[in-house]
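Spelled out from the first residue to the last, the chains are:
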Amino acid sequence: QVQLVESGGGLVQAGGSLRLACAASGSISSINAMGWYRQAPGRQRELVAHITSGGTIDYADSVKGRFTISRDNGKKTAYLQMNSLKPEDTAVYYCNARLDTYYNGRVNYWGQGTQVTVSS
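Residues numbered from 1 in each chain as written. Predicted model: local features only at pLDDT ≥ 70, side-chain atom pairs only at ≥ 80, totals over all residues. Heavy atoms only, no water.

Colleague: How should I be thinking about the overall build of the protein in this particular structure?
Modeller: Of regular secondary structure, the protein possesses zero helices and eleven strands. Overall, the protein shows an N-to-C arrangement of helices and strands of β-β-β-β-β-β-β-β-β-β-β. Relative to its length of 120 residues, the protein is compact, with a C-alpha radius of gyration of 14 Å against a globular reference of 14 Å. Seen through its principal axes, the protein has C-alpha atoms that stretch 45 × 25 × 25 Å. Relative to its full complement of 120 residues, the protein shows a buried share of 39%. Long-range contacts, defined as pairs at least 24 residues apart, comprise 55% of the intrachain contacts of the protein with a sequence gap of at least 6. Split by element, the accessible area of the protein, about 6,400 Å² in all, is 44% carbon and sulfur. Both charge centroids of the protein, one from 12 positive and one from 8 negative side chains, sit 3 Å from each other. (Helix = DSSP H or I, 4+ residues; strand = E, 2+ residues; numbered from the N terminus. Rg over C-alpha atoms; globule rule 2.2 N^0.38 Å. Buried < 20%, exposed > 50% of the residue type's maximum accessible area, 1.4 Å probe, protein only. Contact = heavy atoms within 4.5 Å. Areas by Shrake-Rupley, 256 points an atom, 1.4 Å probe, with all protein chains shown as cover. Lys, Arg positive; Asp, Glu negative; His and termini not counted. Charge placed at Lys NZ, Arg CZ, Asp CG, Glu CD.)

Structural data, given as structure tokens:
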């Protein structure tokens with residue numbers, strides 16, 4: 001079945017960088033959009049970055065100029081390059097994908113999340 005697997009989280013010092021990856025697999029006809037969300041303790045889950053099949057990209061104001069979202073269509077993978085990390089970026093990061101599947105049509109999927117911790 002369809003799965004989203006995130007990787008690349010970890011512990012870094014402020015000013016450092018990480019690259020997250022989200023790989024989609026399974027009975028996928030096409031990927032309409034992929035995005036990254038994050039949730040910090042005591043806060044609501046928020047959109048970090050989003051990219052559509054048409055190439056439209058959106059970023060949260062808090063990460064503009066520091067984070068870059070990209071995709072590899074052949075690998076069905078989205079990436080989030082995170083530079084100049086700040087302690088306030090600490091959160092669990094979740095991948096989201098809007099997919100057209102062979103059996104269930106258009107479906108929204110979530111990954112299990114990967115922890116990003118930025119120390120001061």
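Having seen it, we continue.
Colleague: Explain the pattern of salt bridges here, please?
Modeller: For side chains bearing opposite charge, pairing can occur when the charged atoms are close. Per the stated rule, a full pass over the model turns up five salt bridges. The salt bridge partner of Asp-61 is Lys-64, with a shortest N-O separation of 3.1 Å. On the basis of relative accessibility, which here comes to 65%, the residue Asp-61 falls in the exposed class. Among the charged side chains, a salt-bridge network with shared partners connects Arg-38, Glu-46, Arg-66 and Asp-89. (Salt bridge = Lys/Arg side-chain N within 4 Å of Asp/Glu carboxyl O.)

Colleague: Which parts of the structure should I look at to understand the sheet that holds strand E1 (residues 3-7)?
Modeller: One key point about sheets: their strands pair by backbone hydrogen bonds, in either a parallel or an antiparallel sense. Spatially, four strands are ordered E1-E3-E8-E7 in an open sheet, and the strand pairing comes out antiparallel. Every other strand in the sheet has two partners, leaving E1 and strand E7 (67-72) as the edge strands with one partner each. Between one strand axis and the next, the sheet turns by 15 degrees as a mean value, whatever way the strands run. The sheet contact formed by E1 and strand E3 (residues 18-25) spans five bridges and is antiparallel. Each bridged residue has a counterpart across the sheet, and for Val-5 the counterpart in E3 is Ala-23. (Pairing = 2+ DSSP bridges. Axes fitted to C-alpha atoms, helices over the stretch in contact; angles between N-to-C directions.)

Colleague: Sorry, what's going on with the side chain of Asp-89 here?
Modeller: For Asp-89, the position within the fold is in the loop between strand E8 (77-82) and strand E9 (91-101). Among the polar contacts made by the side chain of Asp-89, one reaches the side chain of Arg-38 at a distance of 3.0 Å. A distance of 2.8 Å separates polar atoms of two side chains, one belonging to Asp-89 and the other to Arg-66. (Polar contact = N/O pair within 3.5 Å; in protein donor to acceptor, adjacent residues only side chain to side chain.)

Colleague: Mind showing me how you'd approach the packing of aromatic side chains here?
Modeller: Under the counting rule described, the total for this entry stands at one aromatic pair. Consider the rings of Tyr-37 and Trp-110, whose centres lie 5.0 Å apart with planes at 65 degrees: the pair is edge-to-face. Within this pair, whereas Tyr-37 is found in strand E4 (residues 28-39), its partner Trp-110 is found in strand E10 (residues 105-110), the two being separated by 73 residues in sequence. Residue classification places Tyr-37 among the partly exposed residues on the basis of a relative accessible area of 21%. We note Arg-45 situated over the ring of Tyr-94; from NZ or CZ to the ring centre the distance is 3.8 Å. (Phe/Tyr/Trp six-rings, centres within 6.5 Å; stacked < 30°, edge-to-face > 60°. Lys NZ or Arg CZ within 6 Å of the ring centre and 35° of its normal.)

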